[in-house]
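Examination of the molecular architecture
This is what each chain is made of:
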Amino acid sequence: MSIELVSSTKSFDGFQQRYRHKSSTLNCSMVFSIFLPQDAEGNTQRKYPVVYWLSGLTCTDENFSQKAGAQRVAAELGIILVIPDTSPRGDDVADDPGYDLGQGAGFYVNATQEPWKQHYQMYDYVVDELPSLVELHFPINGRRGICGHSMGGHGALVIGLRNPKRYQSISAFSPICNPIACPWGEKALGTYLGADPKSWEPYDATVLMGRAVEKTPILVSQGEQDEFLEEQLRPHSLQTAAEASDYPLRIEHHAGYDHSYYFIASFIEEHLRFHADSLLSRHIY
């Protein structure tokens, strides 16, 4: 489980870095970004909680680190940020001409259909392989939060809801809340998982929230001027499921904001402080 440093840049007295590694889960080379607060690099005495950020369609591991402005708050709070890529990549990895399928559009599922299943196991990569890798190489204390945007918001909600013991905090920006009932989700889940909609349900946050037994509080931020709001994102479906199951969900609607990283940058501090309320309740040294 070796990693290769690709780049390192100082930021707010910490380091924004990129690493490459060979993924046995995805059967290809992968790159992830990580922000390490001051003293987190090479300091084996203090250990830090981590927030995993999952990005949206067409993104790589660099969109969030370059556009969200999260480093200042993460440095202040003492939180490590880990940002994986959005899909497996490479010449031998299956792809599609559309922006919403294939490379850059892994949807954080474990594909069961050809030709996708050889590489597209993003759920297992985010839940198991990547945390094992970063917790081996960096001073992480085992406390985890997960957050994401759009397709990545879908991934964060699904992964958090399915693994309540692994994640102490969950949040999302403009998530795809009900993918079994929207065009993006129908296309991706139908292609990766097959034609039976029942097989899609384990990757639908609205379905999972309605069935949840353990209930980790969730924060969702949604811009009211988001062009994808009604057709693709469907936050009202998630709200209805939360009310029916008495799930502790807070959806904040923000007038005038769209789907872009300007929206994320405007409210990332609120989200990181939301995660800190759970992740920093105790420290492990």
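Please refer to the structure higher up on the page.
What counts, and at which threshold
- Residues numbered from 1 in each chain as written.
- Predicted model: local features only at pLDDT ≥ 70, side-chain atom pairs only at ≥ 80, totals over all residues.
- Heavy atoms only, no water.
- Helix = DSSP H or I, 4+ residues; strand = E, 2+ residues; numbered from the N terminus.
- Buried < 20%, exposed > 50% of the residue type's maximum accessible area, 1.4 Å probe, protein only.
- Contact = heavy atoms within 4.5 Å.
- Areas by Shrake-Rupley, 256 points an atom, 1.4 Å probe, with all protein chains shown as cover.
- Lys, Arg positive; Asp, Glu negative; His and termini not counted.
- Charge placed at Lys NZ, Arg CZ, Asp CG, Glu CD.
- Pairing = 2+ DSSP bridges.
- Axes fitted to C-alpha atoms, helices over the stretch in contact; angles between N-to-C directions.
- Expected span 1.5 Å × (residues − 1).
- Polar contact = N/O pair within 3.5 Å; in protein donor to acceptor, adjacent residues only side chain to side chain.
- Salt bridge = Lys/Arg side-chain N within 4 Å of Asp/Glu carboxyl O.
- Phe/Tyr/Trp six-rings, centres within 6.5 Å; stacked < 30°, edge-to-face > 60°.
- Lys NZ or Arg CZ within 6 Å of the ring centre and 35° of its normal.
- Arc of directions from axis to C-beta.

**Remarks on the overall build of the chain**
Looking only at helices and strands, the chain has nine helices and nine strands in total. Each principal axis of the C-alpha atoms in the chain carries an extent, and together these give about 50 × 40 × 35 Å. By residue count, 58% of the 285 residues in the chain fall in the buried class. Within the chain, counting contacts between residues at least 6 apart in sequence, those at least 24 apart form 72% of the total. When the accessible surface of the chain is summed, it comes to about 11300 Å², and 47% of that surface belongs to carbon and sulfur atoms. One finds the centroid of the 23 positive side-chain charges in the chain at a distance of 7 Å from the centroid of its 35 negative side-chain charges.

**Focus: the sheet that holds strand β1 (residues 4-11)**
Read across the sheet, nine strands follow the order β1-β2-β3-β5-β4-β6-β7-β8-β9 without closing on themselves; strand pairing throughout is mixed. Across the chains shown, the open sheet's two edge strands, defined by having one partner strand only, are β1 and β9 (249-254). On average, each strand axis in the sheet is tilted by 20° relative to the strand beside it, whichever way the strands run. Pairing of strand β6 (residues 140-149) with strand β7 (residues 169-173) involves five bridges; the strand directions are parallel. When the sheet's bridge partners are listed, Gly145 is paired in β7 with Ser169. Contacting β4 (48-54), β6, β7 and β8 (218-223), helix α4 (residues 151-162) crosses the sheet at an angle of about 135° to β6. Contacting β4, β5 (80-84), β6, β7, β8 and β9, helix α9 (residues 261-279) runs over the sheet at an angle of about 170° to β7.

**Here we look at α4**
Between its first and last C-alpha atoms α4 spans 17 Å; for 12 residues at 1.5 Å apiece the expected length is 16 Å, and the two agree. Here α4 lies mainly inside the structure; 11 of its 12 residues are buried. All buried positions along α4 are accounted for by Met151, Gly152, Gly153, His154, Gly155, Ala156, Leu157, Val158, Ile159, Gly160 and Leu161.

**Details of the environment of Arg143**
Assignment of secondary structure puts Arg143 in strand β6. Along the primary structure Arg143 and Leu81 are separated by 62 residues, whereas in three dimensions their C-alpha atoms are 12 Å apart. Within the structure, Arg143 has its side chain in polar contact with the backbone oxygen of Leu279 (distance 3.1 Å).

**A word on the pattern of salt bridges**
Under the criterion given, the structure shown has 15 salt bridges. Residues Arg72 and Glu269 are paired through a salt bridge, measuring 2.8 Å at the closest nitrogen-oxygen approach. Within this pair, whereas Arg72 is found in helix α2 (residues 71-77), its partner Glu269 is found in helix α9, the two being separated by 197 residues in sequence. On the basis of relative accessible area, Glu269 is assigned to the partly exposed category, the value being 28%. Between Glu214 and Lys165 there is a salt bridge, with the nearest N and O atoms lying 2.6 Å from each other. Placement of the pair is Glu214 in the loop between α6 (205-211) and β8 and Lys165 in the loop between α4 and β7, with a sequence separation of 49 residues. On the accessibility criterion, Glu214 (38% relative accessible area) is partly exposed. Residue classification places Lys165 among the exposed residues on the basis of a relative accessible area of 64%. Each member of the salt-bridge network shares a partner with another, and the members are Arg72, Glu76, Glu269 and Arg273.

**Let's talk about the packing of aromatic side chains**
Enumeration according to the criterion identifies 13 aromatic pairs in this entry. Ring geometry for Tyr120 and Tyr192: centres 5.4 Å apart, planes at 25°, overall stacked. Of this pair, Tyr120 sits in the loop between β5 and α3 (122-137) while Tyr192 sits in helix α5 (residues 183-193), and the two are 72 residues apart along the sequence. Each of the two residues, Tyr120 as well as Tyr192, counts as buried. Seen from their ring centres, Phe173 and Phe263 are 5.8 Å apart, and the 85° between their planes marks the pair as edge-to-face. Here Phe173 is found in strand β7, whereas its partner Phe263 is found in helix α9, with 90 residues between them in sequence. One aromatic cluster is present, formed by Trp53, Phe64, Phe173, Tyr257, Phe263 and Phe267 through successive ring pairs. Looking at Arg162, its charged tip hangs above the ring of Tyr123, at a distance of 4.2 Å from the centre.

**Thoughts on helix α8 (residues 235-245)**
For α8, every residue scored as buried is listed here: Pro235, Ser237, Leu238, Ala241, Ala242 and Ser245. Looking straight down α8, one finds its buried side chains confined to an arc of 155°; they lie on one side. The exposed set on the far side of α8, more than 90 degrees from its buried face, consists of Glu243 and Ala244. Summarising the contacts, the buried residues of α8 are in contact with α4, α6, β8, α7 (229-233) and β9.

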